[in-house]
Amino acid sequence: EQSEQKNARLKASKIQALLSSATKLKKSDQQSQSLIDIYHQVLAVDPNSYEAKKGLEDISRHLYNHSESLFREKKYDESLASIEKGLRMRPDDSKLSELKQTVTQQRSLSDANNQRQSEISSLLSRAEKYHQALKLIGPKEDAYDMYQKILTIDPSNRAAKQGLRKIADELESLAKVRLSVDDR
């Protein structure tokens with residue numbers, strides 16, 4: 001019985017020392033891995049420790065808010081890194097899991113949109129080069145083809161529509177010149 005009391009006192013002392021370290025880290029405003037580790041050490045000694053559970057919950061809430069803020073700023077990779085840190089600490093956190101799914105989906109959409117915009121930029125550049133070289137329409141690749149490809153990717157693309165109008169205007173002008181020469 002004395003041995004049990006001694007073990008209980010040692011256990012309580014260890015928990016108190018760990019929680020004291022955690023309090024110091026929190027006061028220094030460090031939501032670091034060290035703080036998480038301390039709370040896990042407390043829970044290893046006392047799985048029912050209210051302070052350790054609450055400390056982990058507070059860190060989890062902080063990481064969720066931070067991750068959500070990064071997500072709103074479209075910093076998807078940083079947001080996911082913060083979410084992963086929270087999930088390592090609390091794997092069953094449904095809010096963090098839901099946010100991870102949302103951020104992952106949005107990052108995929110953003111990546112796809114960036115790739116689409118890159119492709120449009122490349123096609124637009126090629127169309128303008130063909131246009132300047134007066135390769136408006138023809139049997140091989142030309143400005144008209146490039147503008148049409150852009151419109152298949154983005155049917156409302158203004159630059160492609162303007163390019164097609166310019167081609168039409170230039171072809172009309174060339175046809176008028178040709179007709180007036182033939183009428184002489």
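Below is a summary of the structure that appears in this document. Note that the structure is predicted; figures quoted are calculated from it, not measured.

Rules of the game
- Residues numbered from 1 in each chain as written.
- Predicted model: local features only at pLDDT ≥ 70, side-chain atom pairs only at ≥ 80, totals over all residues.
- Heavy atoms only, no water.
- Salt bridge = Lys/Arg side-chain N within 4 Å of Asp/Glu carboxyl O.
- Buried < 20%, exposed > 50% of the residue type's maximum accessible area, 1.4 Å probe, protein only.
- Helix = DSSP H or I, 4+ residues; strand = E, 2+ residues; numbered from the N terminus.
- Polar contact = N/O pair within 3.5 Å; in protein donor to acceptor, adjacent residues only side chain to side chain.
- Contact = heavy atoms within 4.5 Å.
- Lys, Arg positive; Asp, Glu negative; His and termini not counted.
- Expected span 1.5 Å × (residues − 1).
- Core = buried A, V, L, I, M, F, W, Y, C linked by side-chain atoms within 4.5 Å.
- Patch = residues over 30% accessible without salt bridge, like charges linked within 9 Å, V, L, I, M, F, W, Y side chains within 5 Å.
- Areas by Shrake-Rupley, 256 points an atom, 1.4 Å probe, with all protein chains shown as cover.
- Axes fitted to C-alpha atoms, helices over the stretch in contact; angles between N-to-C directions.
- Parallel < 35°, antiparallel > 145°, perpendicular 65-115°, else oblique.
- Left-handed = near helix turned anticlockwise from the far one by under 90°.

In this section: the pattern of salt bridges. In total, this model carries 11 salt bridges according to the counting rule given. Between Glu141 and Lys149 there is a salt bridge; the shortest N-O distance is 3.9 Å. Accessibility expressed as a relative area gives 38% for Lys149, which makes it partly exposed. Put simply, Lys54, Glu57, Asp58 and Arg61 are held in one network by salt bridges that share partners.

What follows deals with unusual backbone geometry. At Lys74, a residue that is not glycine, the phi angle is positive and equals roughly 65°. Considering the arrangement of structural elements, one finds Lys74 in the loop between helix H3 (50-72) and helix H4 (76-89). By relative accessible area, Lys74 is classed as exposed at 59%. Phi is positive for Leu134, which is not a glycine, with a value near 60°. Within the secondary structure layout, Leu134 lies in the loop between helix H5 (94-132) and helix H6 (143-153).

The next thing to look at is the side chain of Ser60. Tracing the backbone through its elements, the reader meets Ser60 in helix H3. Side chain to side chain, Ser60 and Asp93 meet in a polar contact 2.7 Å long. In this view, Ser60 contacts Met89, Arg90, Asp93 and Leu96; residues no more than four positions away in its chain are not counted.

By secondary structure assignment, the location of Asp93 is in the loop between H4 and H5. Arg90 is the oppositely charged side chain nearest to the buried, salt-bridge-free Asp93, at an N-O distance of 4.3 Å. Leave out the neighbours within four places in its chain, and Asp93 touches Ser60 and Leu87.

Moving on, we come to H4. A rise of 1.5 Å per residue sets the reference length of H4, with its 14 residues, at 20 Å; its end C-alpha atoms lie 20 Å apart and thus fit the reference within 8%. Among the residues making up H4, those that are buried are Tyr76, Ser79, Leu80, Ser82, Ile83, Gly86, Leu87 and Met89. Packed against the buried residues of H4 are helix H2 (33-45), H3 and H5.

So, on to the nonpolar core. Residues Leu35, Tyr39, Val42, Leu56, Ile59 and Met89 are the most contacted members of the largest nonpolar core, which totals 17 residues. Those elements giving two or more residues to this core turn out to be helix H1 (2-27), H2 and H3. At 7 residues, H2 tops the list of elements feeding residues into this core. Leave out the neighbours within four places in its chain, and Tyr39 touches Leu19, Ala22, Lys26, Glu51, Ala52, Gly55, Leu56 and Ile59. Ile120, Tyr130, Ile150 and Leu151 belong to the second largest nonpolar core, which has 14 residues in total.

On the surface, Ile137, Tyr144, Leu171 and Leu174 cluster together to form a nonpolar patch covering roughly 360 Å² of accessible area. Within the fold, Ile137 resides in the loop between H5 and H6. The exposed category is assigned to Ile137, whose relative accessible area is 51%.

The next point concerns the packing of H3 against H5. At a minimum axis distance of 11 Å, the contact between H3 and H5 shows a crossing angle of 15°. Here H3 lies roughly parallel to H5, going by the angle between them. Viewed along their axes, H3 and H5 form a crossing whose handedness is left-handed. Side by side, H3 and H5 meet where Ser60, Tyr64, Ser67, Glu68 and Phe71 of the first sit next to Lys95, Leu96, Leu99, Thr102, Val103 and Gln106 of the second.

Remember that the coordinates give geometry; whether it matters functionally is a separate question.
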